[in-house]
Amino acid sequence: MLPERCDIAIVGAGNAAMCAALAAREHQAVEVVVLECAPEAESGGNTRFTAGAMRFAYNGVEDLRELMPDLTEEEIARTDFGAYTEDQFFDDMARVTENRTDPDLAELLVRRSKATMLWLRSKGMRFAPIYGRQAFKVDGRFKFWGGLTVEAYGGGPGMIDSHRRAAIQHGIPILYETRVLSLLHDDEGVQGLTVRHQCKTRTLRCRAVILAAGGFQANPEWRTRYLGPGWDLAKVRGTRFNTGDGIRMALEIGAAPRGNWSGCHAVGWDRNAPEFGDLAVGDGFQKHSYPFGIMLNARGERFVDEGADFRNYTYAKYGAVILAQPGQFAWQIFDQKVLHLLRDEYRIRQVTKVSANTLEGLVAKLDDVNAAKALETIKQYNAAVRADVAFNPNVKDGRGTRGLPVPKSNWANLIDEPPFEAYAVSCGITFTFGGLRITPDAQVLDTDGAPIPGLYAAGELVGGLFYFNYPGGTGLMSGAVFGRIAGDSAGRAAAKK
C-alpha cells in the first residue's frame, strides 16, 4: 500500500532509480519508497530492454578480475582485454559530443565509473565479459575493442532482477502501477508528490524526491516538438512508459532545462519491429554490424560512412541518419566473407531479411528500393575498395575506398562472395538527450540557478552529458553513477531533517 509519508520517494524503477534507492538506504534511518508507473511485468524502464553493457575506466585485467572474480585463468590466457583508461574515457566523451559534454558531470561519470561498478557488485550484481558482441577471435585469441568490455550478467533483465533482490534485502518497497502526477512544492522546496495509485489520487509527503523516470522518447508529441518533423514515425526501442513525465513535473515547478533537447540516442532497428520494445526480443531488433557491409536507401544509394569508427561510437547517431532517408528505412548488405562476424541479433527469428546467390537476385528482393541503381552502387563500391590494405575487424584498419562521393573509411570488403544477405532497418529511438540541470550532488536547479530543496535527478532525464552522439555503454554507467550520487545526497539531506 502507498504510505502517507516517507523520507525519500524515488520516481522510476530502472537502473538509475534503483541505484538511487540503494544508496539512499545506506543511510540506515531513512525510509525509501520506489514508485513505478508500469505493471511489474513491464517494470524497469529502458534498463530491462538493454543488453546490459557498461562502459567504465580500467587499467588492465587485474581491475577486471576484481570486478569479476570468477574470471578463469583460461579466459584470461585466451583474451586480450586491453585497458580503457580514464583519459581514454574523457577523450571519447569529448569527441563524440563535439566537446559539449558538461565537464563537471563528465568528470564525475569517468572518475567514479570503476568505483560504482564495484559498489554494484557489493550489492549483489554480477558481471561478465561481452565476448559475443565486443570481441573478435584473431589467431586463436579474443581481442576486445572500442573501450567496452563488461556487461551485467543476464543483460538488462538480469540487472533489473539483481536490483529487485537488493531492494528486498534492504527493505525497499517497490509500488507498481503507481503513477506520479505532480510535485508538491512551496517556498521551502519539494514536500511530496501527488500520486495515482489503485485508481485513486493521493498525496505522499516526503523529505526528498529523486526523479529517475527516463526521457521523453515514448512520447510522439514531444519527439516531434523537440526533435523535429518525422520523429513521430520513429520506433521506440524500449519501454512505452518513458513519456517525459519526470521532466514535465520538474519544469512545472521552475526547474531549469539543460542539454541537447533536439538530440537523442537512435539506432538502426528492424524495419518491421513493433512500435515499442518487445521484452521477448529485448534489443534483438537492433542491427549493428553495418561496419562490415554497406547500407543502401530507397534510391539505391549509400548515404553514410559505415566504417567511420567502431560501432560503439557511431550506432547511436546513425538511427537519425536512417530516419532522414526516403521512406525512413535502409537495407544493410553483406556477403559470405563477413557473415560470421555478424552479431547475434542478425540470427533472431523476428528479422526482415532477404538472401540470394547473385547481386542481381539480391537487389531484386530489396523492397521499395531502386534495384538498378542499387546494383550500380554496389559495383561502384566494389571498384573503389582498397584491396591492398589488410582487413582487421579489431582495429580501425584503414581498409577504405577511393573516389566515392560517400567514402567508407575502414573495413571495406568487396561484396563478391555469395550467398549475399540484406537486412531492412528503420530508426529505433533509445532515449532523448534533453533534460534537467543538476548540480554535482544531483540536486535539480531552478531557472535562476539555485538548487530546489528536496529535489534530485538521475538517469536519462539529466541533461548536459550527451550531445549529438553517445559512447556505447555510457547510459547504464551514468545512470548508476548519478543514481548513487542522488541517493546519497538525498539520504544525507533527509537524515538531517
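Note that the coordinates shown come from a computational prediction; the quantities given were computed from them, not determined experimentally.

## Some details on the sheet that holds strand 7 (residues 141-144)
Then, in step 1: Ordered by their spatial adjacency, three strands build an open sheet running 4-7-6, and the pairing between neighbours is mixed. The outermost strands of the open sheet, each flanked by one partner alone, are strand 4 (79-80) and strand 6 (135-138).
Then, in step 2: Two elements, strand 4 and strand 7, share two bridges in a ladder whose sense is parallel. Each bridged residue has a counterpart across the sheet, and for Asp80 the counterpart in strand 7 is Lys143.

## Focus: the environment of Gln88
Then, in step 1: Here Gln88 shows up in helix 4 (residues 86-96).
Then, in step 2: Distance in space between the C-alpha atoms of Gln88 and Cys6 is 42 Å, their sequence separation being 82 residues.
Then, in step 3: For Gln88, the side chain forms a polar contact with the main-chain nitrogen of Thr85, separated by 2.8 Å.

## Brief notes about the pattern of salt bridges
Then, in step 1: Scanning the entire structure with this criterion turns up 33 salt bridges.
Then, in step 2: Among the salt bridges present, the one from Glu107 reaches Arg111, with a minimum N-O distance of 3.0 Å. With Glu107 and Arg111 both in helix 5 (residues 103-111) and four residues apart, this pair spans about one turn of that helix.
Then, in step 3: The class of Arg111 is partly exposed, set by a relative accessible area of 40%.
Then, in step 4: Glu421 is paired through a salt bridge with Lys353; the nearest N and O atoms lie 3.5 Å apart. Separated by 68 residues along the polypeptide, Glu421 in strand 19 (residues 420-432) and Lys353 in strand 18 (residues 353-356) bring together distant segments of the chain.
Then, in step 5: One continuous salt-bridge network, built from bridges that share partners, spans Arg55, Asp92, Arg95, Asp309 and Lys396.

## Here's the deal with the packing of helix 1 (residues 15-25) against helix 8 (residues 155-169)
Then, in step 1: Their axes nearest at 10 Å, the elements helix 1 and helix 8 cross at an angle of 20°. Taken together, helix 1 and helix 8 sit at an angle that is classed as roughly parallel. The handedness of the crossing between helix 1 and helix 8 comes out as left-handed. Residue-level inspection shows Asn15, Met18, Cys19 and Leu22 of helix 1 in contact with helix 8, the latter providing Met159, Ile160, His163, Ala166 and Ala167.
Then, in step 2: Residue composition of the contact of helix 1 with helix 8, grouped by class: seven nonpolar, two polar and no charged.

## Let's talk about the nonpolar core
Then, in step 1: In this structure, Ile8, Leu35, Phe127, Leu193, Leu211, Leu455 and Phe482 are the most contacted members of the largest nonpolar core, which totals 144 residues.
Then, in step 2: Beyond its immediate stretch of four places on either side in the chain, Leu211 contacts Val11, Leu183, Gly246, Met249, Ala250, Leu436, Leu455, Tyr456, Ala457, Ala458 and Leu461.
Then, in step 3: In terms of nonpolar packing, the next biggest core, distinct from the first, is built from 23 residues, Phe329, Leu362, Val369 and Ile415 among them.

Parameters and conventions
- Residues numbered from 1 in each chain as written.
- Predicted model: local features only at pLDDT ≥ 70, side-chain atom pairs only at ≥ 80, totals over all residues.
- Heavy atoms only, no water.
- Pairing = 2+ DSSP bridges.
- Helix = DSSP H or I, 4+ residues; strand = E, 2+ residues; numbered from the N terminus.
- Polar contact = N/O pair within 3.5 Å; in protein donor to acceptor, adjacent residues only side chain to side chain.
- Salt bridge = Lys/Arg side-chain N within 4 Å of Asp/Glu carboxyl O.
- Buried < 20%, exposed > 50% of the residue type's maximum accessible area, 1.4 Å probe, protein only.
- Axes fitted to C-alpha atoms, helices over the stretch in contact; angles between N-to-C directions.
- Parallel < 35°, antiparallel > 145°, perpendicular 65-115°, else oblique.
- Left-handed = near helix turned anticlockwise from the far one by under 90°.
- Contact = heavy atoms within 4.5 Å.
- Nonpolar A, V, L, I, M, F, W, Y, C, P; charged D, E, K, R; others polar.
- Core = buried A, V, L, I, M, F, W, Y, C linked by side-chain atoms within 4.5 Å.

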